[in-house]
Amino acid sequence: HVLVQTEVNYTGNDGNRYCRVSTRRWRIASDTDSYLRSLDPTVCAVLLGKRACLEAIRIVDDHSSSGRRSSGGEGDEDAMFKELREETDHQMRALIRKIAPKTP
């Protein structure tokens with residue numbers, strides 16, 4: 001499936017500007033095998049890299065906003081990077097399961 005999003009901007013009778021967004025899920029393949037054959041490994045790698053970067057930013061932001069890094073200790077950064085490694089590993093395994101579900 002692919003998500004298709006449409007945005008409509010308009011001015012209401014009251015003179016205010018409005019924005020309406022509609023998201024629909026469209027089927028892009030008739031079955032799982034067709035979908036898996038249509039995947040481009042390079043695109044999957046780029047998307048995985050992007051997801052890992054976004055997750056890294058989220059983890060750093062979470063640690064910064066929670067004050068976990070305020071002490072400046074190496075243990076805090078080690079914990080943050082351990083969490084990042086674990087999350088990245090989790091995301092990679094999830095993607096591999098989607099791309100090659102028959103792989104152990």
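Peer 1: Can you walk me through the overall build of the protein in this structure?
Peer 2: If you tally the helices and strands in the protein, you get 3 helices and 2 strands. Moving toward the C terminus, one meets the helices and strands of the protein in the order β-β-α-α-α. Scored against the burial criterion, the 104 residues of the protein give a buried share of 12%. If you take every contact in the protein between residues at least 6 apart in sequence, the share linking residues at least 24 apart comes to 37%. Just so you have it, the protein exposes about 8,500 Å², and 54% of that area is on carbon and sulfur atoms.

Peer 1: Help me out: how do you make sense of the packing of aromatic side chains in this one?
Peer 2: The geometry of two aromatic rings is summed up by the distance between their centres and the angle between their planes. With the rule as written, the count across this model stands at 1 aromatic pair. The interplanar angle of 25° and the centroid separation of 5.6 Å between the aromatic rings of Y10 and Y18 together place this pair among those described as stacked.

Peer 1: Explanation requested: the pairing of strand 1 (residues 2-11) in the structure shown.
Peer 2: Note on strand geometry: in a regular strand, side chains alternate between the two faces of the sheet. Pairing analysis gives 10 bridges linking strand 1 to strand 2 (residues 17-26), with the strands arranged antiparallel. Among the inter-strand pairings, V8 is bridged to a residue of strand 2, identified as R20. Here strand 1 folds back onto strand 2, and the loop between the two strands holds 5 residues, one of which, G15, carries a positive phi near 90°.

Peer 1: Would you mind going over the environment of R27 with me for this structure?
Peer 2: Assignment of secondary structure puts R27 in the loop between strand 2 and helix 1 (32-38). For R27, a relative accessible area of 62% corresponds to the exposed category. Considered as a pair, R27 and V2 are 25 residues apart in the sequence and their alpha carbons are 6.4 Å apart.

Peer 1: Help me understand the pattern of salt bridges in this model?
Peer 2: For side chains of opposite charge, pairing can occur when their charged atoms come near one another. Considering all chains together, one arrives at 1 salt bridge under this definition. R58 is paired through a salt bridge with E55; the nearest N and O atoms lie 2.4 Å apart. Pair noted here: R58 and E55 are both in helix 2 (residues 41-66), with a separation of 3 residues, about one helical turn. Among the residues examined, R58 registers a relative accessible area of 35% and is labelled partly exposed.

Peer 1: So what exactly am I meant to see when it comes to a nonpolar patch on the surface here?
Peer 2: On the surface, V2, W26, I28 and Y35 cluster together into a nonpolar patch covering about 390 Å² of accessible area. One can find Y35 in helix 1. For Y35, a relative accessible area of 32% translates into the label partly exposed.

Peer 1: Even after reading the chapter, I still don't get the side chain of E55, so can you show me in this structure?
Peer 2: Accessibility expressed as a relative area gives 14% for E55, which makes it buried. Apart from residues no more than four positions distant in its own chain, E55 is found in contact with L84 and E87.

Peer 1: Teacher, can you tell me more about the environment of E87 here?
Peer 2: Mapped onto the fold, E87 is located in helix 3 (residues 74-99). Separated by 35 residues in the primary sequence, E87 and A52 place their C-alpha atoms 8.2 Å from one another. The contacts of E87, once residues within four sequence positions are left out, are E55 and I59.

Reading guide: rules and limits
- Residues numbered from 1 in each chain as written.
- Predicted model: local features only at pLDDT ≥ 70, side-chain atom pairs only at ≥ 80, totals over all residues.
- Heavy atoms only, no water.
- Helix = DSSP H or I, 4+ residues; strand = E, 2+ residues; numbered from the N terminus.
- Buried < 20%, exposed > 50% of the residue type's maximum accessible area, 1.4 Å probe, protein only.
- Contact = heavy atoms within 4.5 Å.
- Areas by Shrake-Rupley, 256 points an atom, 1.4 Å probe, with all protein chains shown as cover.
- Phe/Tyr/Trp six-rings, centres within 6.5 Å; stacked < 30°, edge-to-face > 60°.
- Pairing = 2+ DSSP bridges.
- Salt bridge = Lys/Arg side-chain N within 4 Å of Asp/Glu carboxyl O.
- Patch = residues over 30% accessible without salt bridge, like charges linked within 9 Å, V, L, I, M, F, W, Y side chains within 5 Å.

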